[in-house]
Structure formats: structure tokens, C-alpha cells
Amino acid sequence: MHKILVSRCLLGHPVRYDGGSSGPFDRLAAWQAEGRVVGLCPEVAGGLPTPRPPAEIPGGQGTAVLAGEAQVLTVQGEDFTAAFVRGAEIALRQVREQGIRIAILKANSPSCGNRETYDGSFSGVRVSGEGVTAALLRREGVQVFNEHELEAAELALAQLL
Ligand code: SF4
């Protein structure tokens, strides 16, 4: 049975920077009942506490962080880059160990966003780009969806069977 990596905040775990979570999502609950779901919060796994200060990537590109060309900074200017990269590497290890080819990651997050992230100005402006974990998993060949793309994820899962 193919497993799916899922952002823990989408499973109702209160791991967001502000201590919040999202959901519930019926499809995720069904996949959990089937034993397919591997939950991970890259930022917590990378060593950050909850709650934690909001962080963004100036320019919004997780690939640039992985290349050492951009940082992840909190609103106060603290450098969270190492923890974000560590969390992404933990996610990569999980998908390799468990043969995971599909991930459902929280939209717009500087770790998990798969299409857009905030631009680093902490003013709510989003740019086209990926979070650090989403970028690393996509590079590994994992199909990364967000919580608004669960139907597409289900189709992709069906094609794996
Ligand atoms: S978006 Fe990703 S990093 Fe942020 S709380 Fe959810 S799982 Fe953790």
C-alpha cells in the first residue's frame, strides 16, 4: 500500500507557528483510517518550538534556500535556515525509507507551500515559489499537492496502484 506524507497541521495537530492547525479533511481522515498517512511537521522536526515566530524566505524560493543562496528569517530577523533545512532533510529521509511518492503539504508555508510562499516582507504578499521541504521533495520526484488539491492527489494515488 502506498503511503502519503502529510503536513501534521493538516491532520489537526497544533504545530503551526501560532499553535493552530487546519482541517479536518475527509479524504485525509479516510487515508489515515487506511493506515497510509505519515504525518510530519518539518519545522518541529527540525527543532523549532511551537509557538514560534513567523518566518519567511526573502524572495520566497525554497530552492534558493537549499542552494545556500537565501535564508529563512523570522519577523525579528532571526535566522531559522538551519532548522528549516534540517526539517526538509528529515522529510526526505522519511519518503526514501517508506517509498513515498505523494505528499500533501500545507499551502503557502515557507516549509510546506507547493505553489506559492510569502515574499519575505511579512505583509501578506505571496509569490510563485515553494517552501524548503516542498522543493526538496519535488526534486526527489515526489508529487507534492496542497490541501486544496486533494482530488488531484487522489487521482495521482490511484495511478500508483
Ligand atoms: S505548514 Fe508545514 S511546517 Fe508549518 S506547521 Fe504545517 S506541517 Fe509544520
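Brief notes about the nonpolar core
Argument step 1. Counting 29 residues, the largest nonpolar core has Leu5, Val72, Val132 and Leu137 as the members making the most contacts within it.
Argument step 2. Broken down by secondary-structure element, the contributors of at least two residues to this core are strand E2 (37–40), helix H3 (62–66), helix H4 (81–98) and helix H5 (132–139).
Argument step 3. No other element matches the 8 residues that H4 contributes to this core.
Argument step 4. Residues within four places of Leu5 in sequence aside, it is in contact with Val38, Leu40, Ala91, Gln94, Val95, Ile100, Ile102, Ala103, Ile104 and Leu137.
Argument step 5. Counting residues in hydrophobic clusters, the runner-up holds 18 residues, among them Cys9, Trp31, Phe145 and Ala153.

Focus on the pairing of strand E1 (residues 4–7)
Successive residues of a regular strand alternate their side chains across the two faces of the sheet.
Argument step 1. Across the two faces of E1 the burial is the same, with Ile4 and Val6 and Leu5 and Ser7 all buried.
Argument step 2. Direction of pairing for E1 relative to E2: parallel, over a ladder of 4 bridges. Residue Ile4 lies in a different strand from E2, and its bridge partner there is Val37.
Argument step 3. This β-α-β element, E1 to helix H1 (residues 26–33) to E2, shows right-handed connectivity.
Argument step 4. Note that E1 and strand E5 (residues 102–104) share 3 bridges and pair parallel. Note that in E5 the partner of Leu5 across the bridge is Ala103.

Some words on the side chain of Glu149
Argument step 1. By the secondary structure assignment, Glu149 is in the loop between strand E8 (143–145) and helix H6 (150–160).
Argument step 2. Residue Glu149 is classed as buried on the basis of its relative accessible area of 15%.
Argument step 3. Excluding residues that lie within four positions of it along the chain, Glu149 makes contacts with Asn114, Arg115 and Val144.

Overview of H4
Argument step 1. For H4, with 18 residues, the first-to-last C-alpha span of 26 Å sits near the 26 Å given by 1.5 Å per residue.
Argument step 2. Burial in H4 covers these residues: Thr81, Ala83, Phe84, Val85, Gly87, Ala88, Ile90, Ala91, Leu92, Gln94 and Val95.
Argument step 3. In the core, the buried residues of H4 are packed alongside E1, E2, helix H2 (42–45), strand E3 (55–56), H3 and H5.

Some points on the site of the ligand
Argument step 1. Surrounding the ligand, one finds 14 residues, the nearest of these being Cys9, Cys41, Glu43, Lys106 and Cys112.
Argument step 2. The residue inventory of the shell around the ligand, partitioned by class, reads 6 nonpolar, 3 polar and 5 charged.

Focus: H5
Argument step 1. The buried count for H5 comes to 6 of 8 residues, which makes it a mostly enclosed element.
Argument step 2. Residues of H5 that are buried: Val132, Thr133, Ala134, Ala135, Leu136 and Leu137.
Argument step 3. Check the buried side of H5 and you find it contacts E1, H2, H3, H4, E5 and E8.

Focus: the pattern of salt bridges
It is possible for side chains of opposite charge to pair when their charged atoms get near one another.
Argument step 1. Across all of its chains, the model carries 9 salt bridges by this definition.
Argument step 2. Of the charged contacts, one joins Arg52 and Glu43 as a salt bridge, the two residues approaching to 2.9 Å between their closest N and O atoms.
Argument step 3. Judged by its relative accessible area of 7%, Arg52 falls in the buried class.
Argument step 4. Overall, Glu43 belongs to the buried group, its relative accessible area being 11%.
Argument step 5. Close ionic contact of Glu116 with Arg126 constitutes a salt bridge, the shortest N to O distance being 3.0 Å. One end of the pair, Glu116, is in strand E6 (residues 116–118); the other, Arg126, is in strand E7 (residues 126–128), and 10 residues separate them in sequence.

Cut-off values and rules
- Residues numbered from 1 in each chain as written.
- Predicted model: local features only at pLDDT ≥ 70, side-chain atom pairs only at ≥ 80, totals over all residues.
- Heavy atoms only, no water.
- Core = buried A, V, L, I, M, F, W, Y, C linked by side-chain atoms within 4.5 Å.
- Buried < 20%, exposed > 50% of the residue type's maximum accessible area, 1.4 Å probe, protein only.
- Helix = DSSP H or I, 4+ residues; strand = E, 2+ residues; numbered from the N terminus.
- Contact = heavy atoms within 4.5 Å.
- Pairing = 2+ DSSP bridges.
- Right-handed = clockwise from strand over helix to strand, strands pointing away.
- Expected span 1.5 Å × (residues − 1).
- Near = heavy atom within 4 Å.
- Nonpolar A, V, L, I, M, F, W, Y, C, P; charged D, E, K, R; others polar.
- Salt bridge = Lys/Arg side-chain N within 4 Å of Asp/Glu carboxyl O.

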